[in-house]
Each structure stands twice: as C-alpha cells, then as structure tokens.
Amino acid sequence: MAGLGVNIDHVATVRQARRTIEPDPVWAAAAAELGGADGITIHLRQDRRHIGDRDVELLKQVVKVKLNLEMSLADEIVRIALKTRPGQATLVPENRQEVTTEGGLDVVSQAVRVAEVTAALQDEGIEVSAFVDPEPDQIAAAAEAGCDAIEIHTGRYANAATGAETAAAVDAILDGLNAGRKAGLVVHGGHGLTYTNIERIAGIAGFSEFNIGHSIISRAIFVGLTEAVREMKRLIDRAEARTQRGQKA
C-alpha cells in the first residue's frame, strides 16, 4: 500500500505572513502523524520563504515517521542536509521567482552534480529521490546518477483541462512509473494532487508513496490537520483496495 507524505510547508507560509512564531510546523507534524501520515515533507528553499533552518533541526528531532527534505543542489542546502541527515532527500529544481515548483529536475543536464550530491547524501545514510517529469531520459538519468527513488511530477495531470489531456497525462505517469520500476527505482508521486483527483492516480499499482501538501493544509483549515490527513489516507486506501479487487477478479 502506498504511503502518504504530508508536506507542511504552508503551515510555515501562514507563520511567515506575520513573521511570528505560530503556527509552528513542529505542531503540524505531530498532528499529521496522529492522522496517519507515513512521512513529513518539507522544502528548505534558498530564500527561506517558509521553512527555516530551525524548523529543519527541530523536525529532525521530533518527527517519528520519515522526514523527507526537498532540496535544491545548492552547496549551502546540501551542507544543511548532510548535517541534519533526514531520512530522505528529494532533489528538486528551484526558481526563486516561482510560486511553487514548476516542473521536474533536469537530471540529464546536471547529471554530474546530481551524482555528486546523491553520493554525498547516501554516505550519510540518507535515501535520495529525484523529482522528475515522467520522461524516460530523465528517469534513466536519475538511475544512472545513483538515486534510490524518483518522485514523478503529477502537475500535468492535476492541471489537465479536458478528458483527453487527463488521459494523456495518466498514460505518461504510467509509463514513467513502469520505467522507474524497471530501472530498479522506488517510485513516488506528487504535485497538485488533491482530494478530488488523488483516487485515479492512487489506483495505479506500483507507487510507494504520494507527497501532498497544499490540498491537505487547505482542508485542515476547516476540519483540522489530523482529520484532513485521515481523509486523504482513506481516499488513497480506497483507490488501492479497488485496484486490488479488480486484479483478483
């Protein structure tokens, strides 16, 4: 069964709106774990727009499930990851002008650097995943760079406006999943997944985990974070159970 990694960046976004001490991402992590989160995901950006260095240090101390640090290839961020030693590091592209991550990491053009960072992280016992578009060359490059896993960028699916676009995006994700598994990689999925679109993707057998943030934090405003996580977990489990029943039929 695929796990659920809950991205709590936007709890820190609310805090930074007033540059105060609340809401605290550490509290959010605890509430998400109570709801059944299998992992806690945070992105330490170079501009520190939400998660800060102190958050990373404290979350490493208190999170009981897997702590997944999304990170760029910048020297400063790599040094912090090596010092903090999260359970997993997910290598992502980073544009300081973007609202959120706009696409997958171009592993092909940065293969040497990705391999260098991957090896350094793995030497500290950190599992390494690359956030990539579902493109065969990028997936192959991630495997060649020594990554343990990939996270397939599901943004094209999430933003599809027509049935045809949705079908094409799902086909691309399925191809990426199969390519990743064939290359010996653990395959995760994430970006733009919500309560209304998760089941179609969660119903595809083979994913190890899904990382979801904005939709869960948005839902938490109305029902609380623990319940919001429970609701998302139920949708993922329901989709997977439906797939398993179909395979047995």
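Residues numbered from 1 in each chain as written. Predicted model: local features only at pLDDT ≥ 70, side-chain atom pairs only at ≥ 80, totals over all residues. Heavy atoms only, no water.

(A) Inspection of the packing of aromatic side chains at higher detail. One pass over the full model with this rule turns up one aromatic pair. When the centroid spacing of 5.0 Å and the interplanar angle of 45 degrees are considered together, the rings of F207 and F210 count as tilted. Just as F207 is buried, F210 falls in that class too. (Phe/Tyr/Trp six-rings, centres within 6.5 Å; stacked < 30°, edge-to-face > 60°. Buried < 20%, exposed > 50% of the residue type's maximum accessible area, 1.4 Å probe, protein only.)

(B) Spotlight on the pairing of strand β2 (residues 39-43). Most of β2 sits inside the fold, with five of its five residues counted as buried. Every second residue of β2 is oriented toward a common face, with G39, T41 and H43 on one face and I40 and I42 on the other, all of them buried. Two strands pair when backbone bridges link them, and strand β1 (residues 3-7) and β2 are joined in this way by three bridges, in the parallel orientation. Paired with V6 across the strands is I40, a residue of β2. Relative to strand β3 (residues 66-71), β2 runs parallel, the two sharing five bridges. Across the sheet, the residue bridging to I42 is L69, located in β3. (Helix = DSSP H or I, 4+ residues; strand = E, 2+ residues; numbered from the N terminus. Pairing = 2+ DSSP bridges.)

(C) Quick look at the nonpolar core. Ranked by size, the top nonpolar core spans 72 residues in total, and within it M71, F210 and I216 carry the most contacts. Looking at which element gives the most residues to this core, the answer is helix α11 (residues 225-248), with seven residues. Contact partners of M71, with chain neighbours within four places excluded, come to H43, I77, V78, A81, A89, T90, L91, V92, V117 and L121. (Core = buried A, V, L, I, M, F, W, Y, C linked by side-chain atoms within 4.5 Å. Contact = heavy atoms within 4.5 Å.)

(D) Highlighting the packing of helix α4 (residues 75-84) against helix α5 (residues 111-123). Packing of α4 against α5 leaves a shortest axis separation of 10 Å and a crossing angle of 20 degrees. Looking at the two axes, α4 sits roughly parallel to α5. The crossing of α4 and α5 is right-handed. Contacts from D75, V78, A81 and L82 of α4 reach α5 at R113, V117, A120 and L121. Across the contact of α4 with α5, the residue classes tally to six nonpolar, no polar and two charged. (Axes fitted to C-alpha atoms, helices over the stretch in contact; angles between N-to-C directions. Parallel < 35°, antiparallel > 145°, perpendicular 65-115°, else oblique. Left-handed = near helix turned anticlockwise from the far one by under 90°. Nonpolar A, V, L, I, M, F, W, Y, C, P; charged D, E, K, R; others polar.)

(E) Representation of the pattern of salt bridges within the structure. Tallied over the full model, the rule gives 14 salt bridges. A salt bridge links E124 to R85, with the shortest nitrogen-to-oxygen separation between them at 3.7 Å. Here R85 lies in the loop between α4 and β4 (88-91) and E124 lies in the loop between α5 and β5 (127-132), a separation of 39 residues in the sequence. On the basis of relative accessibility, which here comes to 43%, the residue R85 falls in the partly exposed class. Here the salt bridges share partners, and the residues they tie into one network are R48, D53 and E76. (Salt bridge = Lys/Arg side-chain N within 4 Å of Asp/Glu carboxyl O.)

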